[in-house]
Amino acid sequence: MSQSFFDAPILNSPYRVPERNWELDKDGRPTDRIIERRRKSDLISAMPGAKAKAGKQTSLTFDDLSTGDVDYNPTPYINELRDAVDTWRNLPNPAQWRVSPVTQRLLQHWRSIQVDETVPIRPFFCQLEAVEVAIWLSEVAPKDGKRGKRFLEWLKASNAAANPDLFRIALKLATGAGKTTVMAMLMAWQVLNAARSPSSKSFGKGFLIVAPGITIRDRLRVLKPSEPDNYYSRLNLVPSDLMTDMQTAKIVITNYHAFKLREKVTLAKGTRAALSGHGNGPQTLETEGQMLARVMPELMSSGPITVINDEAHHCYRERPDADQEKLTGDAKKEAEENSEAARLWISGLEAAKRHLGIRTVYDLSATPFFLSGSGWVEGTLFPWVASDFSLMDAIECGIVKLPRVPVADNVAGQPEPLYRNLWRAIGKKMPKKARGEKKPDPLKLPLELQTAIDALYGHYEKTYREWEKAEVGIPPVFIVVCNNTTNSELVRDYIAGFEREDENGVIDTVQGRCSLFRNYADGGERLDRPRTILIDSSAIESGGEVDKGFREAHAAEIEAFRREKAARGEGTDQIDESEILREVMNTVGKKGKLGEQVRCVVSVSMLTEGWDANNVTHILGLRAFGTRLICEQVVGRALRRLSYDVNEEGLFTTEYADIMGIDGLNFSDGPRVAPPTPPREVVQVRAVSPERDHLEIVFPRVEGYRTDLPNDTLAVDFSKVEPYELTPAKAGATEVTMQGIVGEPAHITLAHLGQMRPSEIATKIASHLVMHKLRDAGEAPKTHLFPRAKRIVRQWLDSDRLILSGGTQKAQLTYKQIADEVCDTILHALTVGREGDAVIRAVLEPYSPIGSTMDVSFNTSKATRFWPRPDRSHINWIVTDSDWEAKLAKVIEDHPMTRAYGKNHNLGFEIPYLVEGEPKHYRPDFLVALDTLEPTTLIIEAKGFRDAKDRLKAETTRHQWVPGVNTLGRYGRWAYAELLDPYRYAEDLDRLIGETVGVPA
């Protein structure tokens, strides 16, 4: 192996046409020679082969595939088309481009930001080239005479042979090259042209984006212009003056599993058999039309649509009359799964074609090859591929990490390095469950596997220390890909540790072999945030149920992440295990997210696509990889770069990914048209930074409150808190009349509850107060507080602050939901007049304790908005919900004591409170930073009609949130004000600000 290639593999800038490439030998290994031209499209691999082979490996040819009509080796066409696009791109006069004015504008815009080094994220050359190929084929080729016609006929013939009902164009981009950006550019090109030329048949606003799984589907939300983090605005792919037109797009993003026809009526097996009789039985499946209406209702009336397939190698029609491969075992099962998935995907598109019409299907994939079971030779490139940027191209441009695989070792007599195809050596040696054991012993893994783990982990540990030293902020990630739940659990336990029970029932913790991956502390207790996680890729991607054995294998990790998600203030009541694990998997390597500190991912099934963590540095394969395509896909999970900063030479620095156990990477790699309805204007609301950073408002994110009972024995003053009224509307009917058909009616009341003694009621409420309200998380209850708590509760029960109406009884105060509210009312009273006694403290969110106007960034089409004064607001727009709020905003803005203010719209400022024992969040209207010596912030709520819930919100804010935050002493002074009369906003605001700062109005 040429050492110079691994020392300096990057030859080209990612933002310009590649001009150099490494020469490859006949086995696909780089030599020392650099060729001074762009690499031609070819079936090559970026993986070096082993230095020693037992026999010669066969290469993929197309001689038996080509016919008189279609050449199934598209690479000559790809190279010829590339030359034609290069010539077109270099035309200096835009008038010669032969494209629409909108397309011309977009091309100029994209090319200008591509060369602008001040732009932090700009399109790679390969991204823009893929879009240029699509544009050239659509707008230029029909005007280019015989040459253009030849390319179009080639694509039509290729599709007629493999996709007779669809016209597909495949754009091949290496993993990590940014297919999502290409999709956004394609959509912008189509939508903006359709908006300006609504009668054109070449452009449209309707898009169906199909993904292979839920992970990718969720990640593709950035393609919707309405999303706050959409690519059109964030990456500046659409000029700001055209964003309004972009909002007219109709976009459906789905995973192909949604195309499966669902049962309209669920029938038991016996019922179905009975109804069938001797006939065909009841028809309970959806029709095609019903399926389409369910999956893409927004597109049903939009006319012909454009389809974008992400990871399109899953979508194809099986070759008719093909000789089927002789497969067995896992390879046969995999081929059957491939065929089923491909059949479902393309059937869904064909149904859309029949019912809606499809202009073009754009396929994006790093590996657009036919899979095993397709009837085509495995690894055959889709013949409709029109653009190719291979993995080797991406390595030479530095867009991806350089994968390193074993090429030699010190084990004699082996045809190839042991760790190149580890499963072949250890598959039959994996431990089995012995008699009397509940599961196999993780400590009995094959010696070769233990050594391989130690070897690759040792290198990971060095990488971890380097990242730690460089203060990267997230750890590198180590992936293990296993074949089933049993083996994945064994490997997870060996790496991360496990608990086992001896014959006496004593639980003992066995620490993991890899210290950085351990899920247990030195004392044996489980870590709150697991470092190693177990992922069932197939179940998570399909949205199906997580396998029971898999769920039981890592129930502790699921629960740990559920607790962490709850601690962040994110509800978990409606979230199942697969959603939590998908969230963890999607956020590996993302700061401030659930998966931030995950270091090792053990995957059941294939972790092939859609998982785009950029901090993966090591992969260990522990299964048979049935296809060479799968090998490249799995390796692709490690190829996304961590840094995209160029060096002094304008090139990326080399990053590496180390791979063991994965082999087989031997291919490279008319009528009058009605005028359209003008769309509503969409604006981006954001912090104006750095120009207005001095107007930033910072606030604490509070998740709860901690209250201490006062040490003195003085009576608590309840007169300053609002009365608590218990009514039938809150507690339920207290009087019921029961009437039969005949006979006397019966009257049922709650009068018998009046027999409960006041002392018993006080005892139960005080117990609730001590056990639930005065108890710190994870700590034992402070039972010594019970006597004081009971005295205070009894005082409140005897006061005039309790109103019972409609036949309600004091005993009902012991209902848990009502007891929660009563306890909060009592705690409110404890804080009144005791701000300096630290009676109540706010508990902040542990992972995101601070919020700020600096974080505001979203798009809105709301018409109720206005520009604030630039010397009063950090945010460029004030978005209001009513004319009254707009009036109040103006009053706040003009007040002389206002230093800065902001509307609490997507600001993230929330106040937690309880309603009948259920946690809720209250979002006040405005935050106002006052112009005072001591930093002071006023929370303002504008309210007309005020109901019981509004009073509860105000009480919580005034008597818990404000004193609790002020007690912390780190966020300045806070106060709360309600403005209830819209006609007196100016006078009331002036009075309330004066009370806040201690100046009479």
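Worth saying up front: this structure is predicted, and the values here are computed from it rather than measured.

(A) A look at the overall build of the protein. Across its full length, the protein holds 28 helices and 34 strands. Scored against the burial criterion, the 1001 residues of the protein give a buried share of 54%. If you sum the accessible surface of the protein, you get close to 45,000 Å²; carbon and sulfur atoms cover 49% of it.

(B) Highlighting unusual backbone geometry. Here the residue pair serine 689 and proline 690 is connected by a cis peptide bond, since its omega of 5° sits within 30 degrees of zero. Within the element layout of this structure, proline 690 appears in the loop between strand 17 (683-686) and strand 18 (698-700). Unlike most non-glycine residues, asparagine 236 shows phi in positive territory, near 60°. Under the relative-accessibility criterion, asparagine 236 is labelled partly exposed at 32%. The phi dihedral of glutamate 311 is positive, around 55°, even though this residue is not glycine. With respect to the element layout, glutamate 311 can be found in the loop between strand 6 (305-310) and helix 12 (329-355). Judged by relative accessible area, which is 7%, glutamate 311 ranks as buried.

(C) Representation of the nonpolar core within the structure. By size, the foremost hydrophobic cluster in this structure holds 120 residues, and its most contacted members are Trp110, Trp136 and Leu137. Of the residues forming this core, the biggest block, 11 residues, is contributed by helix 6 (residues 179-196). Within the second largest apolar cluster, 33 residues are counted, among which are Trp877, Tyr913, Ala929 and Leu952.

(D) Highlighting empty space enclosed by the protein. Estimates place the volume of the second largest cavity at around 60 Å³. Together, Ile78, Leu81, Arg82, Val85, Glu129, Val133, Ala386, Ser387 and Asp388 line the second largest cavity. Elements with a minimum of two residues in the lining of the second largest cavity: helix 2 (75-89), helix 4 (125-140) and strand 8 (385-389). Top contributing element to the lining of the second largest cavity by residue count: helix 2, with four residues. When the residues that make up the lining of the second largest cavity are grouped by side-chain class, the tally is five nonpolar, one polar and three charged.

(E) Expanded view of the packing of aromatic side chains. For the structure on display, the rule yields 25 aromatic pairs. Pairing phenylalanine 151 with tryptophan 154 gives two aromatic rings, centres 6.5 Å apart and planes at 65°, and the pair type is edge-to-face. Here the residue phenylalanine 151 and the residue tryptophan 154 both occupy positions in helix 5 (residues 145-162), the gap between them amounting to three residues, near one helical turn. Exposure remark for tryptophan 154: the relative accessible area of 6% places this residue in the buried category. Each residue in the set Tyr457, Tyr460, Tyr464, Phe478 and Phe517 is aromatic and connected to the rest through ring pairs, giving one cluster. A cation over a ring is seen here: arginine 111 above tryptophan 97, with NZ or CZ 4.8 Å from the ring centre. One cation-aromatic arrangement involves arginine 865 over tryptophan 877; the distance from NZ or CZ to the ring centre is 5.0 Å.

(F) Quick peek at the sheet that holds strand 13 (residues 532-536). Ordered by their spatial adjacency, six strands build an open sheet running 9-16-15-10-14-13, and the pairing between neighbours is parallel. Of all strands in the sheet, those bounded by a partner on one side alone are strand 9 (402-404) and strand 13. Geometrically, the sheet is characterised by an average inter-axis angle of 20° between neighbouring strands, direction not taken into account. Across five bridges, the pairing between strand 10 (residues 477-482) and strand 14 (residues 600-604) is parallel. Bridge pairing in strand 14 links valine 480 to valine 602. Along the sheet, helix 15 (residues 447-469) contacts strand 9, strand 10, strand 15 (616-622) and strand 16 (656-660); its crossing angle with strand 15, the most-contacted strand, is approximately 170°.

(G) Spatial organisation of helix 6. Over its 18 residues, helix 6 extends 26 Å from the first C-alpha to the last, a length consistent with the 26 Å expected when each residue adds 1.5 Å. Most of helix 6 sits inside the fold, with 17 of its 18 residues counted as buried.

(H) Examining the sheet that holds strand 32 (residues 926-930) more closely. Spatial ordering of the open sheet is given by 29-32-33-34, a layout of four strands whose pairing is mixed. Two strands close off the open sheet at either side, each with one partner strand: strand 29 (898-903) and strand 34 (973-979). Averaged over all neighbouring strand pairs, the angle between strand axes comes to 20°, with direction disregarded. Alignment of strand 33 (residues 936-942) against strand 34, held across seven bridges, turns out to be parallel. Across the sheet, residue threonine 937 finds its bridge partner in strand 34, namely tryptophan 974. Helix-sheet contacts for helix 27 (residues 948-968) involve strand 33 and strand 34, and the interaxial angle to strand 34 is about 165°.

(I) The environment of valine 843, seen in detail. Turning to its location among the elements, valine 843 is positioned in strand 24 (residues 840-844). Separated by 142 residues in the primary sequence, valine 843 and arginine 701 have C-alpha atoms spaced 8.6 Å apart. In this view, valine 843 contacts Arg701, Val702, Glu703, Gly704, Tyr705 and Arg706; residues no more than four positions away in its chain are not counted.

(J) Structural detail: the confidence of the model for the protein. Residues at a pLDDT of 70 or more form 80% of the protein, whose mean pLDDT is 80. The element-level mean pLDDT for the protein is lowest in helix 18 (residues 548-553), coming to 50, with helix 4 highest at 97. This model gives residues 44-71 a pLDDT under 50, and the stretch forms 69 contacts once residues within four places in sequence are excluded. Here residues 666-680 is modelled with pLDDT under 50, and outside its nearest four sequence neighbours on either side it reaches 32 contacts, counting other chains as well.

(K) Quick peek at the state of the cysteines. Using the criterion set out here, one finds zero disulfides in the structure. The thiol of cysteine 482 is not disulfide-bonded; the next cysteine sulfur, from cysteine 600, is found 9.2 Å away. Judged by its relative accessible area of 1%, cysteine 482 falls in the buried class.

(L) Representation of the pattern of salt bridges. Applying the stated criterion across every chain, the model contains 44 salt bridges. Through salt bridges with shared partners, a single network forms among Asp86, Arg89, Arg111 and Glu132.

(M) How the structure looks around helix 2. With 15 residues, helix 2 extends 21 Å from end C-alpha to end C-alpha; this agrees with the ideal 21 Å at 1.5 Å per step. Counting buried positions along helix 2 gives 11 out of 15 residues, so the element sits mostly inside the fold. Inspection of helix 2 places Thr75, Tyr77, Ile78, Asn79, Leu81, Arg82, Ala84, Val85, Asp86, Trp88 and Arg89 among the buried residues, and these make up the whole buried set.

(N) Main features of the side chain of threonine 957. Position of threonine 957 relative to the elements: it lies in helix 27. A distance of 2.8 Å separates a polar side-chain atom of threonine 957 from the backbone oxygen of lysine 953. Apart from residues no more than four positions distant in its own chain, threonine 957 is found in contact with Ile911, Tyr922, Ile939, Val962, Pro963 and Tyr976.

(O) Structural context of the packing of helix 23 (residues 758-773) against helix 24 (residues 786-797). Where helix 23 meets helix 24, the axes come as close as 8 Å, and the angle between the chain directions of the two elements is 125°. Between helix 23 and helix 24, the interaxial angle falls into the category oblique. At the point where helix 23 passes helix 24, the crossing takes the right-handed sense. Taken together, the residues of helix 24 that come into contact with helix 23 (itself represented by Pro758, Ser759, Ile761, Ala762, Thr763, Ile765, Ala766, Ser767, Leu769 and Val770) are Phe786, Ala789, Lys790, Val793, Arg794 and Leu797. Grouping the amino acids of the contact of helix 23 with helix 24 by side-chain chemistry returns 11 nonpolar, three polar and two charged.

What counts and how
- Residues numbered from 1 in each chain as written.
- Predicted model: local features only at pLDDT ≥ 70, side-chain atom pairs only at ≥ 80, totals over all residues.
- Heavy atoms only, no water.
- Helix = DSSP H or I, 4+ residues; strand = E, 2+ residues; numbered from the N terminus.
- Buried < 20%, exposed > 50% of the residue type's maximum accessible area, 1.4 Å probe, protein only.
- Areas by Shrake-Rupley, 256 points an atom, 1.4 Å probe, with all protein chains shown as cover.
- Core = buried A, V, L, I, M, F, W, Y, C linked by side-chain atoms within 4.5 Å.
- 1 Å grid on protein atoms, 1.4 Å probe; cavity = no way out; pocket = protein on both sides within 12 Å on 5 of 7 lines; lining within 4 Å.
- Points joined across faces, edges and corners; volume = space filled by probe spheres on them.
- Nonpolar A, V, L, I, M, F, W, Y, C, P; charged D, E, K, R; others polar.
- Phe/Tyr/Trp six-rings, centres within 6.5 Å; stacked < 30°, edge-to-face > 60°.
- Lys NZ or Arg CZ within 6 Å of the ring centre and 35° of its normal.
- Pairing = 2+ DSSP bridges.
- Axes fitted to C-alpha atoms, helices over the stretch in contact; angles between N-to-C directions.
- Contact = heavy atoms within 4.5 Å.
- Expected span 1.5 Å × (residues − 1).
- pLDDT = per-residue confidence, 0-100.
- Disulfide = S-S within 2.5 Å.
- Salt bridge = Lys/Arg side-chain N within 4 Å of Asp/Glu carboxyl O.
- Polar contact = N/O pair within 3.5 Å; in protein donor to acceptor, adjacent residues only side chain to side chain.
- Parallel < 35°, antiparallel > 145°, perpendicular 65-115°, else oblique.
- Left-handed = near helix turned anticlockwise from the far one by under 90°.

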